[in-house]
Amino acid sequence: MPYVAKTIDYLKVSSPAQDEFYQAAEEVLNSLRPLFEREKKYLKHNIIDRIVEPERQIFFRVAWLDDAGEVRVNKGYRIQFNSAVGPYKGGLRFHPSVTAGTIKFLGFEQIFKNSLSGLAIGGAKGGSNFDPKGKSDNEIMRFCQSFMNELYRHIGSTIDVPAGDIGVGGREIGYLYGQYKRLTGHYEGVLTGKKVNWGGSLARTEATGYGAVYFAENMLHAHGDSLTGKVCTVSGSGNVAIYTIEKLQQLGAKAVTVSDSQGMIYDPEGIDLALLKDIKEVRRERLTAYTAERKSAKYTPVSEYPKGQNGVWTVPCQAAFPSATQNELNGKDADTLLKNGCLCVSEGANMPSTHEAMQRFLAAKICYGPGKAANAGGVSTSQLEMSQNASMQQWRFEEVDTKLQGIMRGIFRISSETAKEFGEPHNLVLGANIAGFRKVADSMIDQGVV
Ligand SMILES: NC(=O)C1=CN([C@@H]2O[C@H](COP(=O)(O)OP(=O)(O)OC[C@H]3O[C@@H](n4cnc5c(N)ncnc54)[C@H](O)[C@@H]3O)[C@@H](O)[C@H]2O)C=CC1
Ligand SMILES: O=C(O)CCC(=O)C(=O)O
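Source: prediction; values computed, not measured.

Asks: Help me understand the nonpolar core, please; the structure alone is not making it clear to me.
Replies: Generally speaking, nonpolar side chains in soluble globular proteins are found buried as a group. If you look at the biggest cluster of nonpolar residues, it comprises 54 residues, and the most contacted ones within it are F215, L227, I245, L248, L276, F321 and I411. Top element by residues in this core is helix α9 (residues 204–221). It accounts for eight residues. Mapping this core onto the domain boundaries places at least three of its residues in each of domain 1 (2–188) and domain 2 (206–369). Once you skip the residues sitting within four places of it in the chain, I411 turns out to touch L116, S117, F215, A373 and A376. With 38 residues, the next largest nonpolar core counts L29, L106, F422 and A441 among its residues.

Set out below in structure tokens:
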């Protein structure tokens, strides 16, 4: 049996019910075929079986007290996937849909993303099926403290450095950091995404969204085009979506949509960013609050989306920025985007396009930036935060932003040069996967069978 199918079949038996992980593994392994054919050492050293198996998986109970005094229990996860090129690094996701398979796919993607950044960071991810929605600040704090009561013994500034992801922002990182400090007595860069008064980096909040836009600009510039004047669709309305829109506006593009799990906003005059930030970052309300205050906008609930489609991708645009969650853009959505003239897709979210959608974009040869390349600005700026913490410095916003732009340029360059090297110049999926894999796999070979 061919080795990719054999590996995926083995994963289905050894790690049951982890569909998102099989999807991520299959996509990466399939695109590595030309490399395996050219360089036999990867098969000889059995890198395939080794790289799909996490180095360590920590599953734990998180018990906490709600405001009514009831005991609640959630699952906690930290998957330390690969440390060949640096300490484990990757975010924490708090969302009711989280399972071991979710964290495993995210941790697997993180290995190659972090390698592509050119920085010394290994791959990891963690989280919980805890739902922060509707919880009071005190409940969030008690949950985070209980989560850290187990996590602290597995992390450290040169061991494993978690950060935020869906449902984990500055507030949660603060409660997690406070508890880590209380348990260990160490004031160190053990988490990133901290607030700037106590060790955070300027521009980390903005970095993932800004980075996805910088990546899109790199792709378009290579074709003599730019984002200026383009109509853009954005999904999600959290950290990545907000700062994608901010950078698009700064570059003279017009973002016209945002969404959440309940529905979407279409604002043909362009999203009012100050209003969106107030609703999402300050008031923590649903998107319906936006239409109440902005007459040009239309709200469509998910129940009214065209059958089998995400409403956001039915809005005509020249560039699309999926910034919500995995598999939020399917083959039909991709067809609609292409039919409407979309020239560029830059993925702020992790694995937002299904396999079918990705194939459509590659076949159409549009500028398509897969998540592990396009959204690497967040984790890269986290590494800049680690550097600042280690040297007890704080760099200026412009200094961090300039480094971020350079890192995104570097990721575009290595992905497109690798794609060219393997004879498919437009295929940044191939380029990013091979470039990210090669550095990790060569490091694993250098470090022996461990
Ligand atoms: N925060 C970061 O630095 C990075 C985040 N990412 C990825 O970006 C995506 C968004 O993350 P953040 O903005 O940080 O999280 P967030 O918690 O700030 O926002 C998540 C957004 O996605 C929406 N959402 C969640 N599930 C949804 C669903 N089923 N349908 C529609 N909307 C849904 C939420 O309503 C919210 O607007 C995720 O895929 C995450 O893994 C990737 C790299 C770094
Ligand atoms: O900043 C980080 O360490 C991780 C960000 C993240 O979770 C991601 O890149 O998906």
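Still more ground to cover, so stick around.
Asks: Help me out: how do you make sense of the site of ligand 1 in this one?
Replies: Near ligand 1, the surroundings consist of 22 residues, among which D165, T208, S237, N239 and N350 are the closest. Take R93: an N or O atom from its side chain is 2.9 Å from an oxygen atom of ligand 1. One of the side-chain nitrogen or oxygen atoms of D165 is found 2.6 Å away from an oxygen atom of ligand 1. For ligand 1, whose free accessible area comes to 820 Å², the fraction covered by protein is 82%. Elements supplying a minimum of two residues to the shell around ligand 1: α9 and α10 (239–250). Within the shell around ligand 1, the residues separate by chemical class into four nonpolar, 13 polar and five charged. Counting contributing residues per domain, the shell around ligand 1 is built from domain 1 (2–188) and domain 2 (206–369), each supplying no fewer than three.

Asks: Explanation requested: the site of ligand 2 in the structure shown.
Replies: Taken together, the neighbourhood of ligand 2 is formed by 14 residues, with K89, K113, K125, R204 and S382 sitting nearest. In the environment of ligand 2, an oxygen atom lies 2.6 Å from a nitrogen or oxygen atom belonging to the side chain of K89. Note that an oxygen atom of ligand 2 is positioned 2.9 Å from one of the side-chain N or O atoms of R204. Starting from 300 Å² of accessible surface for ligand 2 in isolation, the protein chains cover 95%. Elements supplying a minimum of two residues to the shell around ligand 2: β3 (88–94), α6 (100–116), β5 (160–164) and α16 (377–390). Its residues assigned to classes, the shell around ligand 2 comprises two nonpolar, seven polar and five charged.

Asks: Explain the UniProt feature "site: Important for catalysis" (unreviewed entry) in the protein here, please?
Replies: Under the UniProt annotation, "site: Important for catalysis" (unreviewed entry) lies at D165. Tracing the chain through its elements places D165 in the loop between β5 and α8 (170–184). Not counting chain neighbours up to four residues away, the residues in contact with D165 comprise G91, L92, R93, K125 and N350.

So, how was this worked out
- Residues numbered from 1 in each chain as written.
- Chains lettered and ligands numbered in written order.
- Predicted model: local features only at pLDDT ≥ 70, side-chain atom pairs only at ≥ 80, totals over all residues.
- Heavy atoms only, no water.
- Core = buried A, V, L, I, M, F, W, Y, C linked by side-chain atoms within 4.5 Å.
- Buried < 20%, exposed > 50% of the residue type's maximum accessible area, 1.4 Å probe, protein only.
- Helix = DSSP H or I, 4+ residues; strand = E, 2+ residues; numbered from the N terminus.
- Domains from an automatic or database assignment.
- Contact = heavy atoms within 4.5 Å.
- Near = heavy atom within 4 Å.
- Polar contact = N/O pair within 3.5 Å; in protein donor to acceptor, adjacent residues only side chain to side chain.
- Areas by Shrake-Rupley, 256 points an atom, 1.4 Å probe, with all protein chains shown as cover.
- Nonpolar A, V, L, I, M, F, W, Y, C, P; charged D, E, K, R; others polar.
- UniProt positions renumbered as here; feature names shortened; annotations may be inferred.

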